[in-house]
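Chain by chain, the residues:
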Amino acid sequence: GAGVSQSPSNKVTEKGKDVELRCDPISGHTALYWYRQSLGQGLEFLIYFQGNSAPDKSGLPSDRFSAERTGGSVSTLTIQRTQQEDSAVYLCASSQSAKSPLHFGNGTRLTVT
Amino acid sequence: KNEVEQSPQNLTAQEGEFITINCSYSVGISALHWLQQHPGGGIVSLFMLSSGKKKHGRLIATINIQEKHSSLHITASHPRDSAVYICAVRGWSTDKLIFGTGTRLQVFP
């Protein structure tokens, strides 16, 4: 069956441009998470959605980062005025509920030049 | 000090060896996850546990809530087990995960 789908798989952008990353969770999964993994680093939590609401936005690094989720399904992570330190792999995961196993997408590799 | 600590950071083994990866955490948790990340690949959830022990094939995960410690064991290791293994915990008061920095395992034939 379909897993978590992320697009694009790779994105190269110039410093200062805005980017939008998309996550299609597994159908019926109410919980959705965004993480990022910088080169050689561990996973860093960004934001968590339960349905369309985001009870925990504590991981967003700055106000240049925002995320939304519509229809309890697709989520987009937007980074405005990208900086080189934003370069990382952005991973999305979904689960049936907040207390269920996670299913990860393959990530979007973002490179800011 | 990180809230989730893994050891060792790096591990090499010969095919067939028994492998143990450890995870210690300092917060109260509702669940602990073990994840696997192959080089250049995605992340796969291996186990989610809140007590006791779980087994799947050659993989065994245990957790001791009182000691705030979990172990991931791999029996009869194989080169295809080479990956980064990540421990992550969910705290009582939050649904986000706190990740360890991972253990890089290489199994040689």
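It should be noted that the structure appears before, not after, this text.
Residues numbered from 1 in each chain as written. Chains lettered and ligands numbered in written order. Predicted model: local features only at pLDDT ≥ 70, side-chain atom pairs only at ≥ 80, totals over all residues. Heavy atoms only, no water.

Focus on the pairing of strand β7 (residues 65-69) of chain A
Each regular strand displays side chains that alternate between the two surfaces of the sheet.
Residue and element names in this part refer to chain A.
Thought 1: Of the strand pairs in this sheet, β7 and strand β8 (residues 75-79) are connected by five bridges, and their pairing is antiparallel. Its bridge partner being in β8, Phe65 is matched across the sheet by Ile79.
Thought 2: Counting the residues in the hairpin turn of β7 and β8 gives five residues, including Gly71, whose phi is positive at 60 degrees. (Pairing = 2+ DSSP bridges. Helix = DSSP H or I, 4+ residues; strand = E, 2+ residues; numbered from the N terminus.)

Examining the interface of chain B and chain A
Thought 1: On the side of chain A, 16 residues touch chain B, which itself brings 14 residues to the contact.
Thought 2: With both sides pooled, the region where chain B packs onto chain A buries about 1400 Å², and carbon together with sulfur makes up 59% of that total.
Thought 3: Our enumeration of links across chain B and chain A arrives at zero salt bridges.
Thought 4: Where chain B meets chain A, there are two residue pairs in polar contact (both at pLDDT 80 or more).
Thought 5: Elements supplying a minimum of two residues to the side of chain B that touches chain A: β4 (29-37), β5 (43-49), β9 (83-91) and β10 (97-99) of chain B.
Thought 6: Here the side of chain B that touches chain A is built from residues that sort into six nonpolar, five polar and three charged. (Contact = heavy atoms within 4.5 Å. Buried area = accessible area lost by both parts, 1.4 Å probe. Salt bridge = Lys/Arg side-chain N within 4 Å of Asp/Glu carboxyl O. Polar contact = N/O pair within 3.5 Å; in protein donor to acceptor, adjacent residues only side chain to side chain. Nonpolar A, V, L, I, M, F, W, Y, C, P; charged D, E, K, R; others polar.)

Section: the pattern of salt bridges
All names here are of chain A.
Thought 1: Considering all chains together, one arrives at four salt bridges over all chains under this definition.
Thought 2: Here Asp24 ties to Arg22 by a salt bridge, and the two come within 2.8 Å at their closest N and O atoms.
Thought 3: Judged by relative accessible area, which is 37%, Arg22 ranks as partly exposed.
Thought 4: When the shortest N-O distance is used, the salt bridge between Arg36 and Glu44 registers 2.9 Å.
Thought 5: In this structure Glu44 comes out as partly exposed when scored by relative accessible area, which is 30%. (Buried < 20%, exposed > 50% of the residue type's maximum accessible area, 1.4 Å probe, protein only.)

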